[in-house]
Amino acid sequence: MNWDWSYAFSLIPRILEGLTITLQATVLATVMAAFVGLVFALGKRSQNRVVRWAFYWVVEFIRRTPVLVQMYFVFFVLPRLGVTLPALVSGVLALGLHTSAYMSEVYRAGIESVPKGQWEAARALNIPPLRLWIDIVLPQALPPMIPAAGNYVMMLFKETALLSTITVLDMMGTARVIGNETYRYFEPITLVGLIYLVISLPAAMSIRFMEEKISRNKKMLR
Amino acid sequence: MVLDTKRDFIVFDRVEKRFGELVVLKDLSLSIAKGEKVSLIGPSGSGKTTILRILMTLESIQGGHVYIDGEPLWHMRQNDDLVPANEAHLRKMRKQIGMVFQHFNLFPHMTALENISKPPQLSLGVDKASSEKRARELLDMVGLSDKEASYPSQLSGGQKQRIAIARALAMEPKILLFDEVTSALDPELVEDVLNVLRDIGRSTDTTMLLVTHEMSFAHEFSNRVFFFDEGRVIEEGPPDNIFTTPKEERTQAFLKKIIAAGMRID
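The text that follows walks through the structure, step by step, so that each part is easy to find. Each chain has its residues counted from 1, running along the sequence as written. Numbering of ligands from 1 and lettering of chains from A proceed in the order in which they are written. Local features in a predicted model are, by the rule used here, given only for residues with pLDDT of at least 70; side-chain atom pairs are given and counted only at 80 or more, and totals for whole chains, interfaces and linings are based on all residues. Side-chain numbers come from the whole structure's heavy atoms, not from hydrogens or water.

## Remarks on the overall build of chain B
Okay, so step 1: Per the convention used, a helix needs a DSSP run of H or I reaching at least four residues, while a strand needs a run of E reaching at least two, with both numbered from the N terminus. Check the secondary structure of chain B and you find nine helices and twelve strands.
Okay, so step 2: In summary, chain B has a C-alpha radius of gyration of 19 Å against a globular reference of 18 Å for 266 residues, a match within 12%.
Okay, so step 3: Each of the 266 residues in chain B was classed as buried or not, and the buried ones make up 55%.
Okay, so step 4: Working rule for contacts: check all heavy atoms of both residues, and any pair within 4.5 Å makes them a contact. The contacts in chain B between residues at least 6 apart in sequence include a share of 62% that link residues at least 24 apart.
Okay, so step 5: Carbon together with sulfur atoms contributes 47% to the accessible area of chain B, which is approximately 12,000 Å² in total. Here the globule rule reads 2.2 Å times residues to the power 0.38, and the radius of gyration is calculated from C-alpha atoms. Relative accessibility under 20% of the residue-type maximum defines a buried residue, over 50% an exposed one, and the middle range a partly exposed one, all with a 1.4 Å probe and only protein chains included. Note on areas: Shrake-Rupley, 1.4 Å probe, and residue coverage restricted to the protein chains presented here.

This is the structure:
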């Protein structure tokens with residue numbers, strides 16, 4: 001097996017096109033996870049026992065089954081039930097939902113890190129529920145969540161490679177198509193791996209940097 | 001129960017408070033008039049703080065009734081019955097009450113000014129300009145005008161507590177509750193906070209309830225003192241009577257201990 005530089009270079013434009021799909025999917029699924037994860041977290045805190053119980057099991061179900069199975073279900077099984085979605089939408093839904101389940105735990109930890117005295121002060125000041133969350137709880141709960149949430153986004157970024165199994169032409173999908181056409185997998189797959197690495201490494205480092213900064217801030221606040 | 005709304009501004013009528021099996025208040029009845037400055041003293045665990053927390057709606061009650069200005073706090077009138085209060089009723093009642101906590105509970109992500117000006121915006125819908133104007137007046141009153149842009153983490157305990165008092169005042173409550181507001185402070189910072197309380201006591205007719213271990217301040221500041229033990233009022237009266245000629249044995253024993261610990265009660 002030998003590496004062909006000129007062949008590898010000729011693939012870069014197509015693979016970068018795939019990268020835009022990968023990034024799109026990552027951003028969309030992240031946005032979805034940020035919102036749905038919060039809804040899951042709030043649902044699991046509901047006063048109503050039935051609601052709490054329902055959210056608990058939905059989240060458990062999503063977390064305890066493989067994301068690939070969920071993705072296949074949305075793309076291949078839902079059409080049988082009359083719901084046909086484009087491949088990228090199906091993939092983003094499955095990835096976003098899966099990440100939401102994990103994000104709900106991150107939110108839970110963040111919300112629980114807000115001291116009891118803050119809730120009591122807000123109650124004593126008669127702050128209405130929506131403002132309580134927007135102005136008092138979330139501004140304090142979100143910063144300590146950043147490292148854990150960041151790690152889930154990075155996992156998500158790498159998991160978008162699964163989109164290639166439901167016909168999406170993300171980076172990995174593009175590389176597989178190229179391989180099918182030319183029977184040369186070495187260059188395209190290696191390039192894809194390298195691009196993932198080039199993006200993930202600095203992202204991981206900046207998350208670690210933020211983590212340190214936050215724990216320093218926390219010490220200062222005490 | 002017939003209430004004289006002038007004399008009976010705050011009424012506890014046979015109130016019971018339990019935490020599971022533990023009975024904290026049992027058949028507690030007391031009544032406080034408008035504008036009174038009342039100190040609640042007694043050993044820790046005697047239920048004094050619980051009384052403030054019930055008034056602030058931070059703790060519910062398991063029996064009896066609490067009235068504020070003739071209106072039930074933890075119940076609502078429905079036809080001729082009293083039914084347990086819903087959140088809307090509690091919100092309405094809470095408007096009249098403010099609380100200052102032992103550990104300040106300032107919002108750490110807001111500046112001193114925002115801590116005072118934001119709550120009226122969020123809960124009363126006061127506009128930003130007038131709530132900030134009021135907040136600056138209150139900062140001036142507690143002697144911290146130069147700290148308006150500081151975050152709580154940059155303030156001393158005494159400064160934090162004075163901001164917390166200003167925050168409670170900004171809501172213009174008719175009743176102010178002070179829960180051991182100097183207990184978490186270094187001794188040299190206590191006097192600054194007590195001075196602010198003296199100011200409020202002199203300049204407003206706000207009804208004030210203090211849970212405190214500062215006996216000398218309670219003596220000087222309040223017009224009435226309640227001595228609690230094991231969830232009951234053991235003795236109540238003007239501070240001179242309680243502190244110099246206590247009738248009950250338990251009150252005498254408690255004050256003896258306080259004096260033995262080196263605290264002044266006069």
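## Regarding the packing of aromatic side chains
Okay, so step 1: Working definition: a ring pair exists when centres of Phe, Tyr or Trp rings (six-membered ring for Trp) sit within 6.5 Å. Plane angles under 30 degrees give stacked, over 60 give edge-to-face, the rest tilted. For the coordinates displayed, the defined rule picks out 13 aromatic pairs over all chains.
Okay, so step 2: Summarising the aromatic geometry, the rings of A:Trp119 and A:Trp133 are spaced 5.5 Å apart at their centres and angled 75° between planes, so their arrangement reads as edge-to-face. Placement of A:Trp119 in helix 5 (residues 116–124) and of A:Trp133 in helix 6 (residues 129–159) is noted, with a sequence separation of 14 residues between them.
Okay, so step 3: Geometrically, a charge over a ring is one whose NZ (Lys) or CZ (Arg) sits within 6 Å of the ring centre while staying within 35 degrees of the ring normal. The cationic tip of A:Arg63 hangs over the ring face of A:Tyr102; the distance from NZ or CZ to the ring centre is 5.6 Å.
Okay, so step 4: Lying over the aromatic face of B:Phe107, B:Arg167 brings its terminal NZ or CZ to 4.7 Å of the ring centre.

## Describing the pairing of strand 11 (residues 224–229) of chain B
Residues and elements named next belong to chain B.
Okay, so step 1: Within strand 11, six of the six residues are buried, which leaves it mostly tucked inside the rest of the structure.
Okay, so step 2: The alternating pattern of strand 11 places Arg224, Phe226 and Phe228 and Val225, Phe227 and Asp229 on opposite faces, both of which are buried.
Okay, so step 3: For two strands to pair, DSSP has to find at least two bridges joining them. Sheet analysis places strand 3 (residues 37–41) next to strand 11, joined by four bridges and oriented parallel. For leucine 40, the partnering residue across the bridge sits in strand 11 and is phenylalanine 226.
Okay, so step 4: Judged from the five bridges that link them, strand 11 and strand 12 (residues 232–237) form a sheet pairing that is antiparallel. Bridge pairing in strand 12 links phenylalanine 228 to valine 233.
Okay, so step 5: In sequence, strand 11 turns back onto strand 12 through a hairpin of two residues, with glutamate 230 there showing a positive phi of about 50°.

## Overview of the environment of A:Phe76
Okay, so step 1: Following the sequence through the fold, A:Phe76 ends up in helix 3 (residues 67–77).
Okay, so step 2: Spatially, the C-alpha atom of A:Phe76 lies 34 Å from that of A:Leu201, the residues being 125 residues apart in sequence.

## Section: the interface of chain B and chain A
Okay, so step 1: Between chain B and chain A, the contact holds 26 residues from the first and 19 residues from the second.
Okay, so step 2: For the pair chain B and chain A, the summed buried surface comes to about 2,000 Å²; carbon and sulfur atoms form 59% of the total.
Okay, so step 3: When residues of chain B are sorted by the area they lose upon contact with chain A, B:Phe107, B:His109 and B:Leu122 head the list and together hold 28% of the total.
Okay, so step 4: For this document, the term salt bridge refers to a Lys or Arg side-chain nitrogen within 4 Å of an Asp or Glu carboxyl oxygen. There are three salt bridges connecting chain B and chain A.
Okay, so step 5: Close ionic contact of A:Arg123 with B:Glu87 constitutes a salt bridge, the shortest N to O distance being 3.9 Å.
Okay, so step 6: Definition of a polar contact: a pair of N or O atoms within 3.5 Å, with one able to donate and the other able to accept a hydrogen when the atoms are protein atoms, and with sequence-neighbouring residues admitted only if both atoms are side-chain atoms. For the pair chain B and chain A, the interface holds eight residue pairs in polar contact (both at pLDDT 80 or more). For any pair of parts, buried area is found by adding up, for both, the accessible area (1.4 Å probe) each one loses once the two are put together.

## Topic: the sheet that holds strand 2 (residues 22–32) of chain B
Residues and elements named next belong to chain B.
Okay, so step 1: Strand order in the open sheet formed by four strands is 2-1-4-5, with antiparallel pairing between adjacent strands. Each end of this open sheet is capped by a strand with a single partner; those strands are strand 2 and strand 5 (71–72).
Okay, so step 2: Pairing of strand 1 (residues 10–19) with strand 2 involves seven bridges; the strand directions are antiparallel. Of the residues in strand 2, the one forming a bridge with valine 15 is leucine 28.
Okay, so step 3: Only the stretch in contact is used when fitting a helix axis, every axis being a line fitted to C-alpha atoms; angles between N-to-C directions are given from 0 to 180 degrees. Each of strand 1, strand 2 and strand 4 (63–68) is contacted by helix 1 (residues 48–55), which is oriented at about 110° to strand 1, the strand it contacts most.

## Thoughts on the layout of surface pockets
Okay, so step 1: Here the second largest pocket defines a volume of roughly 650 Å³.
Okay, so step 2: Of the grid points, spaced at 1 Å and generated over the protein atoms alone, those admitting a 1.4 Å probe that cannot get out make up cavities, while open sets with protein on both sides within 12 Å along at least five of seven lines make up pockets; any residue with an atom within 4 Å of a point is treated as lining. Lining the second largest pocket are 20 residues, and of these A:Arg45, A:Gln47, A:Trp119, A:Arg123 and A:Leu132 sit closest to its centre.
Okay, so step 3: For the lining of the second largest pocket, the secondary-structure elements that each account for two or more residues are helix 5 and helix 6 of chain A together with helix 2 (87–94) of chain B.
Okay, so step 4: Tallying contributions element by element places helix 5 of chain A first for the lining of the second largest pocket, with five residues.
Okay, so step 5: Any residue outside Ala, Val, Leu, Ile, Met, Phe, Trp, Tyr, Cys, Pro, Asp, Glu, Lys and Arg is labelled polar, Gly included; the first ten of those are nonpolar and the last four are charged. Class assignment for the residues of the lining of the second largest pocket results in eight nonpolar, four polar and eight charged. Grid points are joined across faces, edges and corners, and a volume is the space filled by probe spheres set on the points.

## Details of the environment of A:Thr30
Residues and elements named next belong to chain A.
Okay, so step 1: Mapped onto the elements, threonine 30 comes out in helix 1 (residues 5–44).
Okay, so step 2: Judged by relative accessible area, threonine 30 falls into the partly exposed class, the value being 24%.
Okay, so step 3: Residues threonine 30 and leucine 97, spaced 67 residues apart in sequence, show a C-alpha to C-alpha distance of 9.6 Å.
Okay, so step 4: Those residues in contact with threonine 30 that sit more than four places away from it in its chain are Val153 and Leu156.

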